[in-house]
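Each chain is listed here by its residues.
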Amino acid sequence: MAGGIAAYKAVEVLRGLTESGHDVTVVPTAAALKFVGAATWEALSGKAVHDSVWAQADQVAHVRLGQEADLVVVVPATADLLARATHGVASDLLTNVLLTARCPVLMAPAMHTEMWAHPATQRNATELRRRGVIVLEPAAGRLTGADSGPGRLPEPRQILDAIDDLLRRRPAADLAGRRVVVSAGGTREPLDPVRFIGNNSSGRQGVELARTAVSRGAAVTLVAASLDVDPPAGVLLVRVGTAAELHAAMVEASSDADVIVMTAAVADFRPDAEAGSKIKKESAGATLRIDLVQTVDVLADLTRRREGERPVIVGFAAETATSNDDLHALGKAKLARKGCDLLVVNEVGRAPVFGAVENEVLIMGSDGGVTELSRRSKAAVADGCWDAVVRILAER
Ligand code: CTP
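Residues numbered from 1 in each chain as written. Predicted model: local features only at pLDDT ≥ 70, side-chain atom pairs only at ≥ 80, totals over all residues. Heavy atoms only, no water.

A. Quick look at the overall build of the chain. Scanning the chain from N- to C-terminus turns up 15 helices and 17 strands. In terms of overall size, the chain behaves like a compact globule, its C-alpha atoms giving a radius of gyration of 24 Å where 396 residues would be expected to give roughly 21 Å. With respect to the principal axes defined by its C-alpha atoms, the chain has extents near 80 × 50 × 40 Å. The buried share among the 396 residues of the chain stands at 49%. Pairs at least 24 residues apart make up 68% of the contacts formed inside the chain by residues separated by at least 6 positions. Working note: accessible area of the chain is about 18800 Å², and carbon and sulfur atoms make up 50% of it. Between the mean site of the 44 positive side-chain charges and the mean site of the 49 negative ones, the chain shows a separation of 1 Å. (Helix = DSSP H or I, 4+ residues; strand = E, 2+ residues; numbered from the N terminus. Rg over C-alpha atoms; globule rule 2.2 N^0.38 Å. Buried < 20%, exposed > 50% of the residue type's maximum accessible area, 1.4 Å probe, protein only. Contact = heavy atoms within 4.5 Å. Areas by Shrake-Rupley, 256 points an atom, 1.4 Å probe, with all protein chains shown as cover. Lys, Arg positive; Asp, Glu negative; His and termini not counted. Charge placed at Lys NZ, Arg CZ, Asp CG, Glu CD.)

Structural data, given as structure tokens:
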């Protein structure tokens, strides 16, 4: 770990890892030891900390630790650490470990907003991602002082989930260096200050797509409408409410994207006017009529805006079909109408999909190819979708 105030949160991450049976060697930088002392790391890891290239020189720790690791996790990663890692500076034991490690490397940056947003730090993060390092996006929120913004270390539980995902699935970093934008959840169209028209989407499939893209090495923006599940660690989170807000956020986030995935359940209609004050029973009478007007089709608009072959665009479709042939026909028609590269088609009439942890889909390509993914977890469906995207990226 590197030396930042968020080092105290790394204590929780270490505890979670040892409690779940992992063998952890702590390699703090000199600055990290100013925040949390060696005794804490040693007590929790059950091992001596390694903090110097000169200690135990007979065991060549600076080479062995990196070579033998299954995973290297840097929590927190400071601006200085990101810079040194990018340039291959081997000025202490941690940076030596980073140079010798050939296993997956996950970094969780934490710093002040200005330091994270600085072009130098951004360029370093981009370069590390291009090389396959998983660099989590910092969370936004309260920083050390009274200020707030992006730069917070994600919560220890979320970092542990990301580590678990990497160790369990051992995904290839085949989205390394790619910028991915995923929309998820259901939009809400306000009727008045207290009511809205919403839908049944839990956002779970979109969240799994974002999570798996992070573990495959992508820089991920998650445009989140209403979600029933927690967003994963390491994504740039943009919260939206209405279809119009989602549209604006997607257009902005997509400007430099390699891949766009639209899993959000976007309202097709919204009330033509939002009442400024709560609609009252007495004034509405026995029947309340609301005129609805169509919203923008975000997916179709994003495909229209595309120039050339970038980004790859993936749509989702929930259909109630009478037969498998009917499902194929509905999917084919929607794929053509939306103009996207891939359409992931769900049958929602027979098996429960909304809020469920499993899903069964058809992935239809604009080249006519169809892949059927039998019933499996939404995380496994997400991996299947990314496999299809990676094939298209490789061809372009
Ligand atoms: N979608 C969108 N904007 C909308 C409606 C849908 O971007 N206003 C996107 C969804 O995110 C999804 C895809 O379009 O990726 C298909 O959504 P779906 O609801 O199945 O299609 P609709 O266009 O609404 O067609 P219909 O409801 O008539 O089947």
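B. Geometry of the site of the ligand. Neighbouring the ligand are 17 residues, the closest being Met 262, Ala 264, Leu 299, Lys 334 and Lys 338. A distance of 2.7 Å separates an oxygen atom of the ligand from a polar atom in the backbone of Ala 264. Between Leu 299 and the ligand, the recorded distance is 2.7 Å, taken from a backbone N or O atom to an oxygen atom. Protein chains shield 77% of the accessible area of the ligand, which is 570 Å² for the free molecule. Looking at the shell around the ligand, the element that brings in the most residues is strand β14 (residues 312-319), giving four residues. Taken together, the residues of the shell around the ligand sort by class into 10 nonpolar, two polar and five charged. (Near = heavy atom within 4 Å. Polar contact = N/O pair within 3.5 Å; in protein donor to acceptor, adjacent residues only side chain to side chain. Nonpolar A, V, L, I, M, F, W, Y, C, P; charged D, E, K, R; others polar.)

C. Examining the side chain of Thr 95 more closely. Take Thr 95: it is sitting in helix α6 (residues 93-100). If sequence neighbours within four positions are ignored, Thr 95 has contacts with Leu 81, Arg 84, Val 89 and Ala 90.

D. Layout of the sheet that holds strand β2 (residues 105-109). The three strands are arranged β1-β2-β3 in an open sheet whose pairing can be described as parallel. This sheet does not close on itself; its edge strands, each paired only once, are β1 (72-77) and β3 (134-135). When β2 meets β3, the two strands line up parallel, connected through two bridges. Counterpart to Met 107 in the pairing with β3 is Val 135. (Pairing = 2+ DSSP bridges.)

E. Local environment of the sheet that holds strand β15 (residues 342-347). Judged by pairing direction, the sheet is mixed, and its eight strands sit side by side in the order β10-β9-β6-β11-β14-β15-β16-β17 without closing on themselves. Each edge of the open sheet is held by one strand with a lone partner, namely β10 (236-239) and β17 (370-377). Pairwise comparison of adjacent strand axes, ignoring direction, gives a mean angle of 15° for this sheet. Note that β15 and strand β16 (residues 358-365) share five bridges and pair antiparallel. Counterpart to Asn 346 in the pairing with β16 is Val 361. In the packing of helix α15 (residues 378-395) onto the sheet, the strands contacted are β6 (179-184), β11 (259-262), β14, β15, β16 and β17, and the crossing angle to β17 comes to about 155°. (Axes fitted to C-alpha atoms, helices over the stretch in contact; angles between N-to-C directions.)

F. Fine view of unusual backbone geometry. For the bond from Val 75 to Pro 76, the omega torsion is -10°, close enough to zero to count as cis. Note on placement: Pro 76 falls in strand β1. Cis geometry marks the peptide bond from Arg 310 to Pro 311; its omega dihedral reads -5°. Residue position: Pro 311 is located in the loop between α13 (298-305) and β14.

G. Region of interest: the state of the cysteines. In total, this model carries zero disulfides according to the counting rule given. Cys 340 carries a free sulfur, and the closest cysteine sulfur to it, the one in Cys 385, is 12 Å from it. (Disulfide = S-S within 2.5 Å.)

H. Just the nonpolar core, in detail. Counting 63 residues, the largest nonpolar core has Trp 41 and Trp 386 as the members making the most contacts within it. Among the elements that take part in this core, α15 stands out by supplying nine residues, more than any other. (Core = buried A, V, L, I, M, F, W, Y, C linked by side-chain atoms within 4.5 Å.)

I. Spotlight on the domain arrangement of the chain. Assigned domains within the chain: domain 1 (7-169) and domain 2 (179-274 + 289-395). One C-alpha centre belongs to domain 1, the other to domain 2, and the line joining them spans 33 Å. Across the contact, 10 residues belong to domain 1 and 14 residues belong to domain 2. In this assembly, domain 1 packs against domain 2 so that about 1100 Å² is buried in total across both faces, 53% of it on carbon and sulfur atoms. Three residues, Arg 129, Glu 137 and Arg 169, lead the burial of domain 1 against domain 2; their summed loss comes to 44% of the area buried on that side. The interface formed by domain 1 and domain 2 includes one salt bridge. Here domain 1 is connected to domain 2 by five residue pairs in polar contact (both at pLDDT 80 or more). With five residues, the single largest contributor to the side of domain 1 that touches domain 2 is helix α9 (residues 156-169). A class-by-class count of the residues in the side of domain 1 that touches domain 2 yields five nonpolar, one polar and four charged. (Domains from an automatic or database assignment. Buried area = accessible area lost by both parts, 1.4 Å probe. Salt bridge = Lys/Arg side-chain N within 4 Å of Asp/Glu carboxyl O.)

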